[in-house]
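# Inside the fold
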Amino acid sequence: MQWAYVVIFVLLVGDCLLPFLPAETSVIAGGALAAGGQLRLPVVLIATVAAVAAGDLLTHEAARRGGRRLFGRWTGRGRPRRVLAKVSGALQRRGGAIVATGRFVPMGRTAVALATGYARFPRRRFVPALLVGAVLWSCYMVSLGYLGGRVFDQPYTAAGVGSAVSIAVTAVFAVARIRAPQQVRDGSKGRISDELRGQGRAQG
């Protein structure tokens with residue numbers, strides 16, 4: 001089963017540019033196989049952390065070196081330019097948190113790696129945050145598989161259940177991220193309306 005470590009590593013590195021690859025499932029399956037004794041848990045975890053860090057760093061550097069040449073004309077005008085400015089501003093304010101948590105949202109890994117590279121986000125901030133995120137995500141995904149392997153006898157069943165749990169948790173976070181800005185806007189509108197009504201009563 002030594003080839004399983006290589007499969008996990010290759011799929012995770014490629015997943016950053018080809019998100020349709022079954023990389024998450026391979027990690028969960030690796031944890032399940034480790035629970036059954038077919039693989040070694042520390043090696044599965046190390047391979048996962050290394051692959052996530054390597055894939056993100058390669059994508060970041062590719063965007064950093066060639067992104068402006070490829071997308072410069074497109075991002076130099078109108079809406080794309082405003083979007084890029086907004087993303088760059090967000091990275092300056094809380095870039096470390098965005099890099100560390102980007103792997104936990106759908107397509108977040110690829111988007112964050114490309115955006116930070118294109119925006120020339122400082123490497124001294126990118127690399128530590130990337131490593132923190134890689135460790136947290138790897139422990140989370142491998143643990144899903146390992147715990148599933150302890151509960152179910154079949155590692156493939158454990159991998160399927162773990163994948164379903166991962167998808168559900170990711171969906172919850174995605175919905176929360178979408179709803180949060182709307183709630184902030186609604187709250188702001190409510191406060192403005194209250195202030196306007198108060199001013200109207202004062203004037204009356």
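Residues numbered from 1 in each chain as written. Predicted model: local features only at pLDDT ≥ 70, side-chain atom pairs only at ≥ 80, totals over all residues. Heavy atoms only, no water.

Below, the discussion takes up the overall build of the protein. Each helix and strand counted, the protein has seven helices and zero strands in total. Along its sequence from the N terminus, the protein presents helices and strands in the succession α-α-α-α-α-α-α. Here the protein holds 204 residues, and 38% of them are scored as buried. Pairs at least 24 residues apart make up 79% of the contacts formed inside the protein by residues separated by at least 6 positions. (Helix = DSSP H or I, 4+ residues; strand = E, 2+ residues; numbered from the N terminus. Buried < 20%, exposed > 50% of the residue type's maximum accessible area, 1.4 Å probe, protein only. Contact = heavy atoms within 4.5 Å.)

Moving on, we get to the packing of helix α1 (residues 3-15) against helix α2 (residues 23-35). At a minimum axis distance of 8 Å, the contact between α1 and α2 shows a crossing angle of 150°. As the angle between them shows, α1 and α2 are arranged roughly antiparallel. As α1 runs across α2, the sense of the crossing is left-handed. Residue-level contacts link Ile8, Leu11, Leu12 and Asp15 of α1 to Ala23, Ser26, Val27 and Gly30 of α2. Split by residue class, the contact of α1 with α2 holds five nonpolar, two polar and one charged. (Axes fitted to C-alpha atoms, helices over the stretch in contact; angles between N-to-C directions. Parallel < 35°, antiparallel > 145°, perpendicular 65-115°, else oblique. Left-handed = near helix turned anticlockwise from the far one by under 90°. Nonpolar A, V, L, I, M, F, W, Y, C, P; charged D, E, K, R; others polar.)

It is worth spelling out the pattern of salt bridges at this point. One pass over the full model with this rule turns up six salt bridges. Among the ionic pairs, Arg103 bridges to Asp15, the shortest N-O distance being 2.9 Å. Of this pair, Arg103 sits in the loop between α4 (78-101) and α5 (108-118) while Asp15 sits in helix α1; the two residues are 88 residues apart in sequence, bridging distant segments of the chain. Residue classification places Arg103 among the buried residues on the basis of a relative accessible area of 9%. Owing to a relative accessible area of 9%, Asp15 belongs among the buried residues under this scheme. With a shortest N-O distance of 3.3 Å, Arg109 and Asp15 are connected by a salt bridge. Residue Arg109 is located in helix α5, and its partner Asp15 is located in helix α1; the two are separated by 94 residues in the primary sequence. The pair formed by Arg109 and Asp15 is uniform in burial state, with each residue classed as buried. Counted as one network, the salt bridges with shared partners bring together Asp15, Glu24, Asp56, Arg103 and Arg109. (Salt bridge = Lys/Arg side-chain N within 4 Å of Asp/Glu carboxyl O.)

Okay, unusual backbone geometry next. Even without a glycine there, the phi angle at Arg120 is positive, about 55°. Structurally, the position occupied by Arg120 is in the loop between α5 and α6 (123-151). Residue class for Arg120 comes out partly exposed when judged on its relative accessible area of 41%.

Here we come to the packing of aromatic side chains. Applying the stated criterion across every chain yields a total of one aromatic pair. The positively charged end of Arg103 is found above the aromatic ring belonging to Trp137, 4.1 Å away from the centroid. (Phe/Tyr/Trp six-rings, centres within 6.5 Å; stacked < 30°, edge-to-face > 60°. Lys NZ or Arg CZ within 6 Å of the ring centre and 35° of its normal.)

Moving on, we come to the nonpolar core. Judged by nonpolar contacts, the single largest core of 20 residues is most densely connected at Leu12, Val27, Leu39, Val44, Trp137 and Met141. When residues of this core are traced back to their parent elements, those giving at least two are α1, α2, α3 (41-71) and α6. Excluding residues within four positions of it along the chain, Leu12 makes contact with Ala23, Val27, Thr48, Ala51, Val52, Arg103, Arg109 and Trp137. One finds Ala119, Phe121, Phe126 and Leu130 within the second-largest nonpolar core, a separate group that totals eight residues. (Core = buried A, V, L, I, M, F, W, Y, C linked by side-chain atoms within 4.5 Å.)

A word on α2. With 13 residues, α2 should reach 18 Å at 1.5 Å per residue; the first-to-last C-alpha distance of 19 Å fits that figure. Counted residue by residue, α2 has 11 buried out of 13 residues, so it is predominantly covered. Residues Ala23, Ser26, Val27, Ile28, Ala29, Gly30, Gly31, Ala32, Leu33, Ala34 and Ala35 constitute the buried set of α2. In the stretch just after α2, Gly37 is the one whose phi turns positive, near 90°. (Expected span 1.5 Å × (residues − 1).)

Another aspect to go through is α5. Of all 11 residues making up α5, eight are buried, and the element is well covered by its neighbours. Of all the positions in α5, only Gly108, Arg109, Thr110, Val112, Ala113, Thr116, Gly117 and Tyr118 are classed as buried. Residue Arg120 follows α5 closely and has a positive phi angle near 55°.

On their own, these measurements won't tell you what the molecule is for.
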